Amino acid sequence: MSETAVRWALDGAGVFRITLNRPERLNAFNQAQHEELLAALNRAERDPAARCVVITGEGRAFCAGQDLESLGDMPVGDLVRRYYNRLITRIRSLEKPVLAAVNGVAAGAGVSLALACDLIVMAESAAFIQAFVRIGLVPDSGASYFLPRLVGYHKAMELALFGDRVSAAEALALGLCNRVVPDDQFEAAVTEWAERLVRGPRSMGWIKRQLNRGLERSLEEVLALEAHLQEAAARSEDAREGIQAFVERREPRFTGR
Ligand code: T3D
């Protein structure tokens, strides 16, 4: 479906693909892009036919963070709370895998958007820039949560204090993405992973919840959650199918239920 700032489409396999669509501004966030992206994510959550979400950018960039030319009158703190924080928590709480297909440069909150996703595939020519410091701001949209956890305190400080361009190859070496793919194979690689995800079981959503809690909670709390979610998973149709398929020595056919 086509909106002004965001396009989305659900294909027959169950891939819900969201494209940031302000290429002339390198897909920087204005209010419309925020609202349409959030609405698309909510739709993906609600629609049982959507089994995984892919977020990518139109044109040569993934997302250049906040649109610095359309800041409007809203106080910055309100902007961050109302839009960016909701976006990041929406992605992390969405109980379906969300794949960031980083087709080109990501800067500022555009990097945070990618890091909030569950899997990150980068085109070889893409790059991450912690651009906040370049304009006298601080990291937001979860950057100060994700970065030190992913790369350690000192490297996170280097990235945040200098705001240098991090190539896709360096991002991979640092653990900031899962895969780097030559530009001419990027779309095929994203499709390949998305199609694997849509064939996965209902438990993928619970796995996401577990790993997110695992980042924050004590061992005892995580053990309790694992037991609780394992009960739920074991009751799912997909678990019955998975076990049956194993016994029958065939590939399982999961339906997401
Ligand atoms: O409200 C708040 O401030 C709080 C929230 C903060 C969240 C944040 O994300 S803060 C960080 C904001 N983002 C940036 O500071 C990045 C700004 N952009 C850049 O540094 C560069 O554009 C890139 C390094 C991303 C790419 O450089 P390059 O040379 O490939 O492209 P370019 O020529 O700079 O950009 C192309 C066009 O996109 C250009 O417009 P023009 O001249 O063709 O009319 C440029 O102005 C526009 N553009 C790029 N980024 C933004 C943007 N326009 C508005 N806002 C942007 N963020």
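This text follows the structure it describes.
The structure displayed is predicted, hence computed values, not measured ones. (Residues numbered from 1 in each chain as written. Predicted model: local features only at pLDDT ≥ 70, side-chain atom pairs only at ≥ 80, totals over all residues. Heavy atoms only, no water.)

Points about the layout of surface pockets
Note the cut-off: Method remark: on a 1 Å grid restricted to protein atoms, a set of points is classed as a cavity if a 1.4 Å probe fits but cannot get out and as a pocket if it is open with protein on both sides within 12 Å along at least five of seven lines; lining residues have an atom within 4 Å of a point. Grid points are joined across faces, edges and corners, and a volume is the space filled by probe spheres set on the points. What counts as a helix is a DSSP run of H or I of at least four residues, what counts as a strand is a run of E of at least two, and both are numbered from the N terminus. Classes in brief: Ala, Val, Leu, Ile, Met, Phe, Trp, Tyr, Cys and Pro nonpolar; Asp, Glu, Lys and Arg charged; the others, Gly included, polar.
Approximately 670 Å³ is the volume attributed to the largest pocket. Of all the secondary-structure elements, those providing two or more residues to the lining of the largest pocket are α2 (76-93) and β6 (105-107). At four residues, α2 tops the list of elements feeding residues into the lining of the largest pocket. Among the residues forming the lining of the largest pocket, the class breakdown is 18 nonpolar, five polar and seven charged. Each pocket or cavity is described by its volume, and for the second largest pocket that value is around 520 Å³. Taken together, 21 residues form the lining of the second largest pocket, with Arg 92, Cys 117, Asp 118, Leu 119 and Leu 211 sitting closest to its centre.

Quick word on the packing of aromatic side chains
Note the threshold: Aromatic contacts are taken between Phe, Tyr and Trp rings whose centres are within 6.5 Å, Trp giving its six-membered ring; a plane angle under 30 degrees counts as stacked, one over 60 as edge-to-face, and the others as tilted. The cut-offs for exposure are 20% and 50% of the maximum accessible area for each residue type, with area from a 1.4 Å probe on protein chains only; residues under the lower value are buried, those over the upper are exposed, and the others partly exposed.
By the definition in use, this model includes three aromatic pairs. Their ring planes at 85 degrees and their centres at 5.6 Å tell us that Phe 29 and Tyr 84 sit as a pair that is edge-to-face. Remark: Tyr 84 occurs in helix α2 and Phe 29 occurs in the loop between β2 (15-20) and α1 (31-46); sequence separation between them is 55 residues. The class for Phe 29 is buried, based on a relative accessible area of 0%. Look at Tyr 145 and Phe 146: their rings are 5.4 Å apart centre to centre, the planes differ by 85 degrees, and that puts the pair in the edge-to-face class. For Tyr 145, a relative accessible area of 26% translates into the label partly exposed.

What about the pattern of salt bridges?
Pairing is possible between side chains that carry opposite charge, provided their charged atoms lie close to one another. Put simply, the test is: Any Lys or Arg side-chain nitrogen located within 4 Å of an Asp or Glu carboxyl oxygen qualifies as a salt bridge.
Scanning the entire structure with this criterion turns up 14 salt bridges. Of the charged contacts, one joins Asp 78 and Arg 81 as a salt bridge, the two residues approaching to 3.2 Å between their closest N and O atoms. Of the two residues, Asp 78 and Arg 81 both sit in helix α2, three residues apart, roughly one turn of that helix. Note on Asp 78: relative accessible area 35%, which makes it partly exposed. Of the charged contacts in the structure, one is a salt bridge between Lys 155 and Glu 158, with a shortest N-O distance of 3.1 Å. Here the residue Lys 155 and the residue Glu 158 both occupy positions in helix α5 (residues 153-162), the gap between them amounting to three residues, near one helical turn. Salt bridges sharing partners connect three or more residues here, namely Lys 155, Glu 158 and Glu 170.

Let's talk about unusual backbone geometry
With a phi angle near 55 degrees, Leu 26 is a residue other than glycine that sits in the positive phi range. Mapped onto the elements of the fold, Leu 26 is located in the loop between β2 and α1. Its identity is not glycine, yet Asn 27 carries a phi of approximately 60 degrees, on the positive side. Among the structural elements, Asn 27 can be located in the loop between β2 and α1. Using a relative accessible area of 0% as the deciding quantity, one classes Asn 27 as buried.

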